[in-house]
Amino acid sequence: MLRTLLCDENNRFLVIEDPSQISEIVQRKDRHLWLDLEQPTLAEFSMIQEEFNLHPLAIEDAMARHQRPKVDQYESFYLVVFYAVTSEEPDKAEAAPTTYSRKNARFVTSSSDGHEAQVNGA
C-alpha cells in the first residue's frame, strides 16, 4: 500500500494520488513530501527509485528483510534502517516492522513489511 502526503509552500497538507508527480514535487525546495509504503512490491520499489533518483544499492537494502540498523550516506540522501518499539501493556513490548527511510531536505519515505515481531521481557 502506498500513501503520499505533501506539505506545500503554503504549509497545507495534500494527499498525492498520482505517484508519477513525485519527481516534479521534490524539485521545489518549498515543498516537503512523505511517502509511506506498507509491504511494497517490486513495482513500487522501482517507481520510488525512479521518482526519487535513488541509488540501486539503497533500493536493494530497502528490499532485504532483517537488515541491521544502520545509516548509509549517499550523494543526495541518507538511507536509515531502524526498528520501532511499541508497548501497549507495561509488561508486554512488541517490535514494530523494520522501517527503511530515505531522507533529504525535501522528502522522507518509509516502508515496512507489515509484520510485528515479539520481544520478550528484558
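Scroll up for the structure.
Residue indices begin from 1 for each chain and proceed along its sequence in written order. Selection of residues for local features in this predicted model requires a pLDDT of at least 70, selection of side-chain atom pairs for listing and counting requires 80 or more, and totals for whole chains, interfaces and linings are taken over all residues. The basis for every side-chain value is the complete set of non-hydrogen atoms in the structure, without hydrogens or water.

What follows covers the environment of Val81. Within the secondary structure, Val81 sits in strand 5 (residues 78-89). The buried label applies to any residue whose accessible area, calculated with a 1.4 Å probe on protein chains only, is under 20% of its type's maximum; exposed applies above 50%, and partly exposed to all values in between. Assessed through its relative accessible area of 2%, Val81 is described here as buried. Each C-alpha atom, one on Val81 and one on Gln67, is 7.2 Å from the other, the two residues being 14 residues apart in sequence. Each helix corresponds to a stretch of at least 4 residues labelled H or I by DSSP, and each strand to a stretch of at least 2 residues labelled E; elements are numbered beginning at the N terminus.

The backbone of Gln39 sits at a positive phi, close to 50°, despite the residue not being glycine. Tracing the backbone shows Gln39 in the loop between strand 3 (32-38) and helix 2 (42-52). Positive phi is not limited to glycine here, since Asn53 has a value of about 55°. Of note, Asn53 is situated in the loop between helix 2 and helix 3 (56-63). Asn53 gets classed as exposed once you look at its relative accessible area, which sits at 63%.

The subject of this paragraph is the pattern of salt bridges. For this analysis, a salt bridge means a side-chain nitrogen from Lys or Arg found within 4 Å of a carboxyl oxygen belonging to Asp or Glu. Following the criterion strictly, the structure yields 7 salt bridges and no others. Put simply, Arg31 and Glu9 hold a salt bridge, and the shortest N to O gap is 2.7 Å. On the criterion of sequence distance, the pair formed by Arg31 in the loop between helix 1 (22-25) and strand 3 and Glu9 in the loop between strand 1 (2-7) and strand 2 (13-15) is long-range, its members being 22 residues apart. Classification of Arg31 as buried rests on a relative accessible area of 19%. Given a relative accessible area of 33%, Glu9 falls into the partly exposed group.

Angles run from 0 to 180 degrees between N-to-C directions of axes, and those axes are lines fitted to C-alpha atoms, restricted for helices to the stretch in contact. For the pair helix 2 and helix 3, interaxial distance at closest approach is 10 Å and the crossing angle is 150°. With respect to helix 3, the axis of helix 2 lies roughly antiparallel. Where helix 2 crosses over helix 3, the handedness of that crossing is right-handed. On helix 3, the residues that touch Leu42, Phe45, Ile48 and Gln49 of helix 2 are Pro56, Ile59, Ala62 and Met63. By the convention adopted, Pro, Cys, Tyr, Trp, Phe, Met, Ile, Leu, Val and Ala count as nonpolar, Lys, Arg, Asp and Glu as charged, and the other residues, Gly among them, as polar. Tallied by class, residues from the contact of helix 2 with helix 3 come to 7 nonpolar, 1 polar and no charged. Oblique is the label for every angle not falling under 35 degrees (roughly parallel), over 145 degrees (roughly antiparallel), or within 65 to 115 degrees (roughly perpendicular). Crossing handedness follows the turn of the near helix against the far one: under a right angle anticlockwise gives a left-handed crossing, and clockwise gives a right-handed one. Contact definition: two residues touch when any of their heavy atoms are within 4.5 Å.

Another aspect to go through is the nonpolar core. Think of a nonpolar core as a cluster: buried Ala, Val, Leu, Ile, Met, Phe, Trp, Tyr and Cys residues, connected wherever their side-chain atoms sit within 4.5 Å. Core analysis: the largest hydrophobic core is formed by 20 residues, its most contacted members being Ile22, Leu33, Leu35, Ile48 and Phe52. Mapped by element, the contributors of at least two residues to this core are helix 1, strand 3, helix 2, helix 3 and strand 5. A total of 4 residues in this core trace back to one element, the largest contributor, which is helix 2.

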